[in-house]
Amino acid sequence: MTQPTQAWGRMPTPPAKYERPLTDRHTNLPRPSDAQNTLLAHGWGRSYGDVALNPGHTLLHTRHLDRFMAFDPATGVLRAEAGVSLDAILRLVIPQGWFLPVTPGTRFVTLGGAVANDVHGKNHHVMGSFGDHVRALELLRSDGSRQQCSATQHPDWFRATVGGLGLTGLITWVEIGLRRIAQPDVQAINRRFASIDDYWALDAHWMPRCEYAVAWVDCLRGGRGIYTAGLHAGAQAQWRHPPAPQRQWPMTPPLSLVNRASVWGFNWLYYHRPLPPQTLMPWPAFFYPLDGIGQWNRMYGPRGFIQYQCVLPPATMRDASRELLRLIGSRGQGSFLAVFKTFGNRTAPGMLSFPRPGSTLALDFPFQGEATLRLCHELDAVVREAQGALYPAKDARMPGSMFRAGYPDWEAFSTYVDPAFSSGFWRRVQT
Ligand SMILES: Cc1cc2nc3c(=O)[nH]c(=O)nc-3n(C[C@H](O)[C@H](O)[C@H](O)COP(=O)(O)OP(=O)(O)OC[C@H]3O[C@@H](n4cnc5c(N)ncnc54)[C@H](O)[C@@H]3O)c2cc1C
C-alpha cells in the first residue's frame with residue numbers, strides 16, 4: 001500500500017501508522033504493536049470523514065475478506081464475509097431475481113461498512129435501515145473471542161455493533177435477507193417543486209405510494225428542486241443491460257472546481273433539464289448516479305470537501321430545513337449535491353443508528369478552511385435547536401457535545417467498545 005488511506009472527503013488528515021490487510025476470517029486479530037496503538041476496520045473507505053480512519057494507529061483493511069459463504073436462491077438469504085461489496089452481491093443476485101433490501105447511494109461499500117454505519121437508502125419508510133435486514137453476524141474481539149449475534153442471540157451486542165462505527169470489534173461475516181424483484185429497473189416519477197414548502201405536499205402524496213423517494217434541492221435558490229419517487233418495475237417492463245464500464249474523474253485539479261459560480265450554473269441547468277414526468281430508469285442510474293463517474297471526489301481539489309448530513313425530527317423539520325437552506329443560500333457556499341429525504345416512523349436497530357423519524361438533508365461543501373467550518377457551526381446551531389443529529393458516516397468535524405446530544409445512548413454504547421479499537425472520529429467526539 002503506497003499511498004496512506006484517505007477518507008472519501010479527501011481532507012488532509014494524519015495517516016495511520018500501520019495498514020494491515022486481512023485475508024483470513026479464521027485467524028485472530030493482529031496484536032497492536034504497542035499498548036497505546038489501537039485497531040480499526042476499514043472497508044471501501046466510502047465514509048466521508050474520520051469514522052473509518054485511525055490516524056497514528058492501525059487500520060485493518062477488509063477488502064480481501066471477500067468470499068461468499070452461502071446463498072439460497074429460494075429464500076434470498078445470503079451469508080458473506082464482511083469485505084464483500086454490495087456491488088458484488090448485486091452482480092450475484094440480480095440475475096436470480098433478488099435485490100438488496102436497503103442500499104446507500106453507492107454500491108462500492110462493504111457489508112461490514114454497511115452494518116457498522118447502519119446505512120439507509122431511499123426506502124427507509126418501507127424497509128428501515130440496513131441493520132433491519134441483518135439476520136446474523138460474527139463479531140471477533142481483540143481478546144480472540146467470537147460471538148454470533150442477531151436480534152435474538154446476544155441482542156445487546158447486536159444492537160451495539162449495528163451502527164457501532166466499527167468500535168465493538170471486527171465483523172467477520174454478515175448474513176442478510178434479500179428482497180424479491182420482478183426486475184431491477186425502476187418505474188420512476190419526477191416532479192419539480194418551487195420551494196421546500198412545496199416538497200412536503202409532493203412527499204405526502206408520493207411517499208405512501210412508492211417504495212423509493214428522494215429529492216434534489218437547489219440550495220442556492222431557497223430550496224426549489226426535483227422530487228423523484230419509484231418502484232421496482234413489473235416483469236413486463238423492458239429489461240436493460242448493466243451499464244458500460246465506469247468513466248473516471250481524470251485527475252485532482254490544483255483548485256476545487258466547485259465554487260459559487262459553478263454551483264449556481266450547474267443547479268440552474270439541472271433544475272431546468274428536460275424531465276420526463278414518468279420513466280423507466282436502469283437500476284444503476286436510479287440507485288447510484290454518482291457511481292457513474294469513478295473518483296468524482298477528486299473534483300474538489302487537494303483540500304477536499306465536507307459533507308454535512310443531519311436528521312431533523314418531525315416536530316421541527318419544516319422550520320429547521322427552511323432555516324438551513326436560508327443560511328446556506330445567504331452564505332453563498334453552495335453544494336451541487338443537496339439531497340432531502342423523509343425517514344419513516346421506525347425504531348432503529350442499532351444504539352447509534354442515524355436514521356430516525358424525520359427528515360434528512362445532505363450537502364457537500366468544498367473545504368475552504370475557516371469559512372466552511374463557520375458555516376457548519378451555524379448549521380449545527382439550527383440542528384441542535386431542532387433536536388436533530390448529524391451522521392457520523394459523513395462527518396469530519398462535529399464537536400463531542402453535538403454527538404452526545406444526537407446520540408443519547410452513547411454512554412451505554414461505550415461499554416461495548418473493544419478496548420483495542422478506536423478511530424479518529426471516536427477520539428474526537430470523546431472531548
Ligand atoms: C456517493 C456516496 C453515497 C452515499 N450514500 C449514502 C446513503 O444514501 N446512505 C447512507 O447511509 N450512507 C451513504 N454513504 C455512506 C456510505 O454508505 C457509508 O459510509 C458506508 O458505511 C461505507 O462503507 P465502506 O465499506 O466504504 O466502509 P468504510 O467507510 O471503510 O468504514 C465505515 C465504518 O465501518 C467500519 N467497518 C468497516 N468494515 C468493518 C468490519 N468488517 N467490521 C467492523 N467495522 C467495520 C469502519 O471501522 C467504519 O467505522 C454514501 C457514500 C458515498 C461515497
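Up top is the structure these notes are about.
Conventions and cut-offs
Residues numbered from 1 in each chain as written. Predicted model: local features only at pLDDT ≥ 70, side-chain atom pairs only at ≥ 80, totals over all residues. Heavy atoms only, no water. Near = heavy atom within 4 Å. Polar contact = N/O pair within 3.5 Å; in protein donor to acceptor, adjacent residues only side chain to side chain. Helix = DSSP H or I, 4+ residues; strand = E, 2+ residues; numbered from the N terminus. Nonpolar A, V, L, I, M, F, W, Y, C, P; charged D, E, K, R; others polar. Contact = heavy atoms within 4.5 Å. Expected span 1.5 Å × (residues − 1). Buried < 20%, exposed > 50% of the residue type's maximum accessible area, 1.4 Å probe, protein only. Arc of directions from axis to C-beta. Axes fitted to C-alpha atoms, helices over the stretch in contact; angles between N-to-C directions. Parallel < 35°, antiparallel > 145°, perpendicular 65-115°, else oblique. Left-handed = near helix turned anticlockwise from the far one by under 90°. Core = buried A, V, L, I, M, F, W, Y, C linked by side-chain atoms within 4.5 Å. 1 Å grid on protein atoms, 1.4 Å probe; cavity = no way out; pocket = protein on both sides within 12 Å on 5 of 7 lines; lining within 4 Å. Points joined across faces, edges and corners; volume = space filled by probe spheres on them.

Participant: Break down the site of the ligand for me, citing the residues and quoting the values.
Facilitator: Around the ligand lies a shell of 36 residues, among which A41, G43, S47, T110 and Y391 are the nearest. The contact in question runs from an oxygen atom of the ligand to an N or O atom on the side chain of T110, over 2.7 Å. Interatomic distance of 2.7 Å between a side-chain N/O atom of Y391 and an oxygen atom of the ligand. Put simply, the parts of the chain that give the shell around the ligand at least two residues each are β2 (39–42), α2 (111–116) and β9 (170–177). Split by residue class, the shell around the ligand holds 19 nonpolar, 14 polar and three charged.

Participant: Hey, could you go over the side chain of Q309 for me, with residue numbers and the actual values?
Facilitator: When you line up the elements, Q309 lands in strand β17 (residues 305–312). Among the polar contacts made by the side chain of Q309, one reaches the side chain of K394 at a distance of 2.6 Å. Not counting residues up to four positions away in its chain, the partners in contact with Q309 are H120, F354, T360, L361, A362, A389, L390, Y391 and K394.

Participant: An account of helix α9 (residues 370–385) is requested, with residue identities and associated values reported.
Facilitator: The end-to-end C-alpha distance of α9, which contains 16 residues, comes to 23 Å, matching closely the 22 Å that a straight helix rising 1.5 Å per residue would cover. Residues of α9 that are buried: T372, L375, C376, L379, D380, V382 and V383. One face of α9 carries all of its buried residues, which in axial projection span an arc of 165 degrees. More than 90 degrees from the buried face of α9, the exposed residues found are E370, R374, H377 and E385. Immediately downstream of α9, the backbone of Q387 shows phi near 60 degrees, a positive value.

Participant: I'd like a rundown of the packing of helix α5 (residues 196–206) against helix α8 (residues 317–331), residues and numbers included.
Facilitator: The N-to-C vectors of α5 and α8 enclose an angle of 140 degrees; their axes lie 10 Å apart at closest approach. One element, α5, and the other, α8, form an angle in the oblique class. With respect to the hand of their crossing, α5 and α8 are arranged in right-handed fashion. For the pair α5 and α8, contact is made by I196, D197 and W200 and by M317, R318, S321, R322 and L325, respectively.

Participant: With reference to specific residues and values, describe the nonpolar core.
Facilitator: Ranked by size, the top nonpolar core spans 102 residues in total, and within it I89, L111, F130, I176 and Y227 carry the most contacts. Non-local contacts of I89, meaning those with residues more than four positions away in its chain, are made with F68, L78, V84, L100, L111 and L178.

Participant: Can you lay out the layout of surface pockets for me, pointing to particular residues and giving the numbers?
Facilitator: Of the voids in this model, the second largest pocket is the one considered here, and its volume is about 180 Å³. If you go around the second largest pocket, you meet 15 residues; those closest to its centre are A348, G350, M351, S353 and D409. Its residues assigned to classes, the lining of the second largest pocket comprises seven nonpolar, four polar and four charged.

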